[in-house]
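Architecture at a glance
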Amino acid sequence: MSNQAVEKSALARNFSDAAKHYDAWATAQAEIASGLALRMDRREPALMVDLGCGTGLLSVLLLERYPKASLVGLDLAEGMVEACRKRWNGLDRARFVAGDVEDPACLVRGADLVACSCVAQWFGNPIGTMRMWAEALAPGGILACAFLIQGSFFELESAYHHALQARFQGLRLWKAETAHDIGKAAGLRVLHCEEESILAGYDSARAALRSYKHIGAVFQGQPGHRPLGPAQMRRLLACYEQQADSQGRVTVTHRVQYFIAEKPR
Ligand SMILES: C[S@@+](CC[C@H](N)C(=O)[O-])C[C@H]1O[C@@H](n2cnc3c(N)ncnc32)[C@H](O)[C@@H]1O
């Protein structure tokens, strides 16, 4: 599975623009990052990398959990990296760098922990990228990821299908088995693999759609993306609204796979 047609400059711009709103809207992402950190090993790494660190929702948990370890946070979006630099200004053991983690030039070799939460769905070549980072781990190093897999955002997909009689051309979400295939190809030993659904509830379909915008998870500037016209948007909202519960709340489902694997010594 690869999606070479990812326009990285647009992706970086959309996430940079969202950096100031991100933490207020990324409630599901915060829960997922906590879920990943909770499942991690107690062994203290020396060097950790947070791929696609965003505003640092996972970095903060890693720095707390492993108080002696150094951390490199990498993100494509300057705005996100800036937010992290401000937050950890003066903390010598944390460094944040702007860059594309799919680019081998960004690779940090010999890390003891490479972590990644809610990011791989944006990669052009998710399988190749995760394998590259897995192979670059130190012997005994850990790859710890929360992947959004198929089944995520099904409410939006279904509303889109009904409203527009078209398939939502969104993210490439992989099947649960894919992580195992990557682990096997990279020679990793799986320590933990578990799936769970994390739900975010909103007062209206409009608020649910706004949440995507406020965390930067939008497709503006991506090849083939055509913004919806006003009539299409009204139909989409109406179809999404039909899924509301008895209190009028609509849901965004995140189907999460926590995947933790070790590189043999
Ligand atoms: C949904 S946010 C998740 C951020 C953070 N990991 C969290 O859990 O809150 C996705 C992040 O991945 C970053 N990202 C996407 N593709 C990337 C790439 N190829 N290289 C580096 N960062 C990337 C985006 O800029 C964005 O900050």
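These numbers come from a predicted model, not from an experiment. Numbering of residues starts from 1 in each chain and follows the order in which that chain's sequence is written. A pLDDT threshold of at least 70 governs which residues receive local features in this predicted model, and a stricter bar of 80 or more applies before side-chain atom pairs are shown or counted, although totals over entire chains, interfaces and linings include all residues. Just so you know, side-chain values use all the structure's heavy atoms and leave hydrogens and water out.

A word on the overall build of the protein chain
- Secondary structure counts use DSSP, requiring at least four H or I residues in a row for a helix and at least two E residues in a row for a strand, with both numbered from the N terminus. The helix and strand tally for the protein chain stands at 9 helices and 8 strands.
- Taken against the 2.2 N^0.38 rule, which gives 18 Å for 265 residues, the C-alpha radius of gyration of the protein chain at 18 Å falls within 12% of a compact globule.
- Per-residue burial over the protein chain gives 51% buried out of 265 residues.
- Partitioning the contacts of the protein chain with sequence separation of at least 6, the portion at a separation of at least 24 is 81%.
- Accessible surface computed for the protein chain: about 12500 Å², of which carbon and sulfur atoms make up 50%.
- For the purpose of counting charges, residues Lys and Arg are taken to be positive, whereas Asp and Glu are taken to be negative. His and the chain ends are not included. Charge coordinates come from a single atom per side chain, which is NZ of Lys, CZ of Arg, CG of Asp or CD of Glu. Taking the average place of the 30 positive charges on the side chains of the protein chain and the average place of its 28 negative ones, the gap between the two points comes to 2 Å. Between the two quantities, the radius of gyration covers C-alpha atoms and the globule rule is 2.2 Å times the number of residues to the power 0.38. Under the scheme applied here, a residue whose accessible area is under 20% of the maximum for its type counts as buried, over 50% as exposed, and between as partly exposed, the area being computed with a 1.4 Å probe on protein chains only. The criterion used for residue contact is that any of the two residues' heavy atoms lie within 4.5 Å. Using a 1.4 Å probe, accessible areas were evaluated by the Shrake-Rupley method; residue-level cover was limited to the displayed protein chains.

What to know about the environment of Asp-92
- Tracing the sequence through the fold places Asp-92 in the loop between α4 (78-87) and β3 (94-98).
- The exposure class assigned to Asp-92 is exposed, which follows from its relative accessible area of 78%.

Examining helix α1 (residues 8-25)
- Remark: the principal bend of α1, roughly 70 degrees, maps to Ala-19.
- Among all positions in α1, only Ala-10, Leu-11, Ala-12, Asn-14, Phe-15, Ala-18, Ala-19 and Tyr-22 are buried.
- On the buried face of α1, the contacting elements are α2 (27-38), α3 (57-65), α4 and α8 (205-215). A residue's bend is simply the angle between two axes: one fitted to the seven residues ending at it, one to the seven starting at it.

Concerning the packing of aromatic side chains
- Working definition: a ring pair exists when centres of Phe, Tyr or Trp rings (six-membered ring for Trp) sit within 6.5 Å. Plane angles under 30 degrees give stacked, over 60 give edge-to-face, the rest tilted. Here the structure, examined in full by the defined rule, presents 6 aromatic pairs.
- Aromatic pair Trp-122 and Phe-219: ring centres 5.6 Å apart, planes at 40 degrees, arrangement tilted. Highlighted residues: Trp-122 in the loop between β4 (113-117) and α5 (126-135) and Phe-219 in the loop between α8 and α9 (230-241), separated in sequence by 97 residues.
- Taking the relative accessible area as the measure of exposure, Trp-122 reaches 10% and is therefore buried.
- Classification of Phe-219 as buried rests on a relative accessible area of 17%.

Re the site of the ligand
- Around the ligand, a shell composed of 20 residues is seen, among which Tyr-22, Gly-52, Asp-75, Asp-100 and Ser-117 lie nearest.
- Residues adjacent in sequence count toward polar contacts only when both atoms are side-chain atoms; beyond that, a polar contact is any pair of N or O atoms within 3.5 Å, and within protein one must be able to donate a hydrogen and the other to accept it. Interatomic distance of 2.8 Å between a backbone N/O atom of Gly-52 and a nitrogen atom of the ligand.
- In the complex, the protein chains occlude 99% of the 600 Å² of accessible area that the ligand would expose alone.
- Residue classes follow a fixed rule: Ala, Val, Leu, Ile, Met, Phe, Trp, Tyr, Cys and Pro count as nonpolar, while Asp, Glu, Lys and Arg count as charged, and any other residue, Gly among them, counts as polar. Residues of the shell around the ligand, tallied by class, amount to 13 nonpolar, 4 polar and 3 charged. Throughout, near means a residue has at least one heavy atom within 4 Å of the molecule or strand.

A look at α3
- Among all positions of α3, only Leu-57, Leu-58, Ser-59, Leu-62, Leu-63 and Arg-65 are buried.
- Among the structural elements, α1, α2, β1 (47-51), β2 (70-75), β3 and β4 are those in contact with the buried residues of α3.

Regarding the packing of α1 against α8
- Note on geometry: axes are lines fitted to C-alpha atoms, helical ones only across the stretch in contact, with angles between N-to-C directions running from 0 to 180 degrees. The interhelical angle for the contact between α1 and α8, taken along N-to-C directions, is 125 degrees, at an axis separation of 6 Å. In this view, α1 runs oblique relative to α8, as classed from their interaxial angle. Contact residues: Phe-15, Ala-18, His-21, Tyr-22 and Trp-25 in α1; Ala-207, Arg-210, Ser-211, Lys-213, His-214 and Ile-215 in α8.
- Per-class residue counts for the contact of α1 with α8 are 6 nonpolar, 3 polar and 2 charged. Here roughly perpendicular refers to angles of 65 to 115 degrees, roughly parallel to angles under 35, roughly antiparallel to angles over 145, and oblique to all remaining angles.

Focus on the layout of surface pockets
- Buriedness for pockets is judged along seven lines, at least five of which must meet protein on both sides within 12 Å for an open set on the 1 Å grid over protein atoms alone, while cavities are sets there where a 1.4 Å probe fits but cannot get out, and lining residues have an atom within 4 Å of a point. Grid points are joined across faces, edges and corners, and a volume is the space filled by probe spheres set on the points. Taken as a whole, the second largest pocket spans an internal volume of roughly 170 Å³.
- Together, 13 residues line the second largest pocket, and Arg-43, Glu-44, Pro-45, Asp-112 and Ile-142 are the ones closest to its centre.
- Grouping the amino acids of the lining of the second largest pocket by side-chain chemistry returns 6 nonpolar, 2 polar and 5 charged.

Examining unusual backbone geometry
- Even without a glycine there, the phi angle at Phe-153 is positive, about 60 degrees.
- Within the fold, Phe-153 resides in strand β6 (residues 150-153).
- Residue classification places Phe-153 among the buried residues on the basis of a relative accessible area of 11%.
- The phi angle at Gln-165 is positive, at roughly 50 degrees, despite the residue not being glycine.
- Inspection of the secondary structure puts Gln-165 in the loop between α6 (154-164) and α7 (176-185).
- For Gln-165, a relative accessible area of 64% puts it in the exposed group.

A look at the pairing of strand β8 (residues 250-262)
- Judged by how many residues are buried, β8 sits mostly within the fold: 11 of 13 residues are covered.
- We treat two strands as partners when DSSP finds at least two bridges between them. Pairing of strand β7 (residues 189-202) with β8 involves 13 bridges; the strand directions are antiparallel. Directly across from Glu-195, in β8, lies its bridge partner Gln-257.

Focus: the UniProt feature "domain: Methyltransferase" (unreviewed entry) in the protein chain
- UniProt positions are given in the numbering used here, feature names are shortened, and annotations may be inferred rather than shown by experiment. With numbering aligned to this structure, UniProt lists the feature "domain: Methyltransferase" (unreviewed entry) at residues 49-141.
- Helix and strand shares over residues 49-141 are 31% and 20% respectively, and the end C-alpha atoms of the span are 11 Å apart.

A look at the sheet that holds β7
- Spatial ordering of the open sheet is given by β3-β2-β1-β4-β5-β8-β7, a layout of 7 strands whose pairing is mixed. Each edge of the sheet is formed by a strand with only one pairing partner; in this case those strands are β3 and β7. Between one strand axis and the next, the sheet turns through 15 degrees on average, direction left out of account.
- The pairing of β1 with β2 spans 5 bridges and is classified as parallel.

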